[in-house]
Each structure stands twice: as C-alpha cells, then as structure tokens.
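Residues per chain, in single letters:
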Amino acid sequence: MTRRLAWAQLEPAAYQAMVELDRFSATRLDPLLFELVKMRASYLNNCAFCLDMHVHDALKLGESTQRLVVVAAWQEAPHLFTEREQAALALTDAVTRLGEHGVPDEVWARAAEQYAEKELIHLLMAIVTINAWNRIAVSTRAVVAPRG
C-alpha cells in the first residue's frame, strides 16, 4: 500500500490545526487514558498508522502489554480496566460508531457518572480528534513504518 497524499507537507496549517486540537485534550486528560482512547478508536477505524503510534506511546508511558492487547476486546476483560476507563472506552465506541441513533443514553450516563462535565468535554474532544486523525490517515493511506 502506498501513501496517496502527503497532506501535512502540502498544507502545514491544516496539520498544525489538528495538532493544536489534539494538544487540547492531551494536556487535560490522564496520559494513559488518552492513549487507551486513541488506541480503541484507531482499532475500530482500522487505522494501523495511528494504532501503531499510540501503542508505542502508551508503552513509553508504562502501559502493560496485556492491556494494550486486550483493549480491542475490553468488554470481555472488565477487571483489567477501571470504571473510569470502561466508561471512557464505552463512550469512545459509541462516538466512533455514531450511526443514526447517536450515543445511547446509558453510555452517556455511565461516562457522566465517572467524569465531571469539563472532563467529559476533554474526553469527547479526544475521541473526536482521534477519529479525525484516523479518517485522514486512512483516506491518505498513511504507511506504518517498520520498527526495529
């Protein structure tokens, strides 16, 4: 698979706008939660480029290999994730798979039980931003570089 478009090089202002949006949430959420959300959305969107990046970022932060692997099926291993993480992952799933019915009330309520309103904004911005990154990377066919 070859890259379709070097969008960041061709339009650096667009890339910088995305970086700033990403930075907003990155500075307001727990770093490991931020990476879990990014991995989960990237997995759902089949974005290998972003998934690779965020797995390695999470490893650098000390995340366990077990949780990195199991986040793909987090509902089947709730004991590995805190209630807050589960609520964030459920919201990530719902926002990423939005569909015609939106985010179910029970998913929103679960997240609202775990996060204050401003935290919900930060979480929602992180989810929306990674979905945008995923769509850009998948559309332009960002290539995962082999790691040695």
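Placed above this text is the structure.
Residue positions within a chain follow its written sequence, with the count starting from 1. Two thresholds apply to this predicted model, a pLDDT of at least 70 for residue-level local features and 80 or more for giving and counting side-chain atom pairs, whereas whole-chain, interface and lining totals are computed over all residues. Values reported for side chains reflect all heavy atoms of the structure, with hydrogen atoms and water molecules removed beforehand.

Caption draft 1: Spotlight on the packing of helix α6 (residues 83–96) against helix α7 (residues 105–114). Only the stretch in contact is used when a helix axis is fitted, and all axes are lines through C-alpha atoms; the angle between N-to-C directions ranges over 0 to 180 degrees. Helix numbering and strand numbering both begin at the N terminus, where a helix is a DSSP run of H or I of at least 4 residues and a strand a DSSP run of E of at least 2. Two elements in contact, α6 and α7, have axes whose closest approach is 9 Å; the angle formed by their N-to-C orientations is 145°. Every pair of crossing elements has a handedness; the one defined by α6 and α7 is left-handed. Taken together, the residues of α7 that come into contact with α6 (itself represented by E83, R84, Q86, A87, A90, L91 and A94) are V107, W108, R110, A111 and Q114. Under the grouping applied here, Gly and all other residues not named as nonpolar or charged are polar, the nonpolar ones being Ala, Val, Leu, Ile, Met, Phe, Trp, Tyr, Cys and Pro and the charged ones Asp, Glu, Lys and Arg. Classifying every residue of the contact of α6 with α7 by side-chain character gives seven nonpolar, two polar and three charged. For any helix crossing, the convention is left-handed if the near helix is rotated counterclockwise from the far helix by under a right angle, and right-handed if that rotation is clockwise. Working rule for contacts: check all heavy atoms of both residues, and any pair within 4.5 Å makes them a contact.

Caption draft 2: Focus on the nonpolar core. Among buried residues, those of type Ala, Val, Leu, Ile, Met, Phe, Trp, Tyr and Cys that are joined through side-chain atoms within 4.5 Å constitute a nonpolar core. Only protein chains enter the accessibility calculation, which uses a 1.4 Å probe; a residue is then buried when its area is under 20% of its type maximum, exposed when over 50%, and partly exposed in between. Counting residues in hydrophobic clusters, the biggest one holds 27 residues, and the most contacted among them are F81, L91, Y115 and L123. Secondary-structure elements contributing two or more residues to this core are α3 (31–44), α6, α7 and α8 (117–140). With seven residues, the top contributor of residues to this core is α6.

Caption draft 3: Inspection of the side chain of S25 at higher detail. Here S25 shows up in helix α2 (residues 12–26). In this structure, S25 is in contact with F34, H122, M125 and A126, ignoring residues within four places of it in sequence.

Caption draft 4: Examining the pattern of salt bridges more closely. In what follows, salt bridge is the name for a side-chain nitrogen of Lys or Arg lying within 4 Å of a carboxyl oxygen of Asp or Glu. Using the criterion set out here, one finds seven salt bridges in the structure. E20 is paired through a salt bridge with R23; the nearest N and O atoms lie 2.5 Å apart. Remark: R23 and E20 occur in helix α2; sequence separation between them is three residues, near one turn of the helix. Given the relative accessible area of 42%, R23 is considered partly exposed. Here the salt bridges share partners, and the residues they tie into one network are E63, R67 and E85.

Caption draft 5: How the structure looks around the packing of aromatic side chains. Ring geometry is summarised as follows: Phe, Tyr and Trp rings, the Trp one being its six-membered ring, pair when their centres sit within 6.5 Å, and such pairs are stacked at plane angles under 30 degrees, edge-to-face over 60 and tilted between the two. Applying the stated criterion to the full structure yields three aromatic pairs. Taking the centre distance of 6.1 Å and the plane angle of 55° together, the rings of W7 and W133 count as tilted. Here W7, found in helix α1 (residues 7–10), pairs with W133, found in helix α8; they are 126 residues apart in sequence, far enough to count as distant. In this structure W133 comes out as buried when scored by relative accessible area, which is 14%. Geometrically, the ring pair formed by Y15 and W133 is edge-to-face, given 5.8 Å between the ring centres and 65° between the ring planes. Placement of the pair is Y15 in helix α2 and W133 in helix α8, with a sequence separation of 118 residues. Pairwise contacts between aromatic rings join W7, Y15 and W133 into one cluster.

Caption draft 6: Looking closely at a nonpolar patch on the surface. Patch definition: residues above 30% relative accessible area lacking any salt bridge, with like charges linked at up to 9 Å and the nonpolar side chains Val, Leu, Ile, Met, Phe, Trp and Tyr linked at up to 5 Å. Accessible surface is estimated by sampling points in the Shrake-Rupley manner with a 1.4 Å probe; for residues, cover comes only from the protein chains shown. Together, F49, M53 and V144 give the surface a local cluster of nonpolar side chains, amounting to about 200 Å² of exposed area. Here V144 shows up in the segment after α8. Classification of V144 by relative accessible area gives partly exposed; the value is 31%.

Caption draft 7: Broad picture of α8. In a helix, the anticipated span is given by 1.5 Å times the number of residues less one. Between its first and last C-alpha atoms α8 spans 35 Å; for 24 residues at 1.5 Å apiece the expected length is 34 Å, and the two agree. Of all the positions in α8, only L120, H122, L123, A126, I127, T129, I130, N131, W133, N134, A137 and T140 are classed as buried. Here the buried face of α8 lies against α1, α2, α3, α4 (48–60), α6 and α7. Positive backbone phi, at 55°, marks R141, one or two positions downstream of α8.

Shape is all these values report; function is a separate question.
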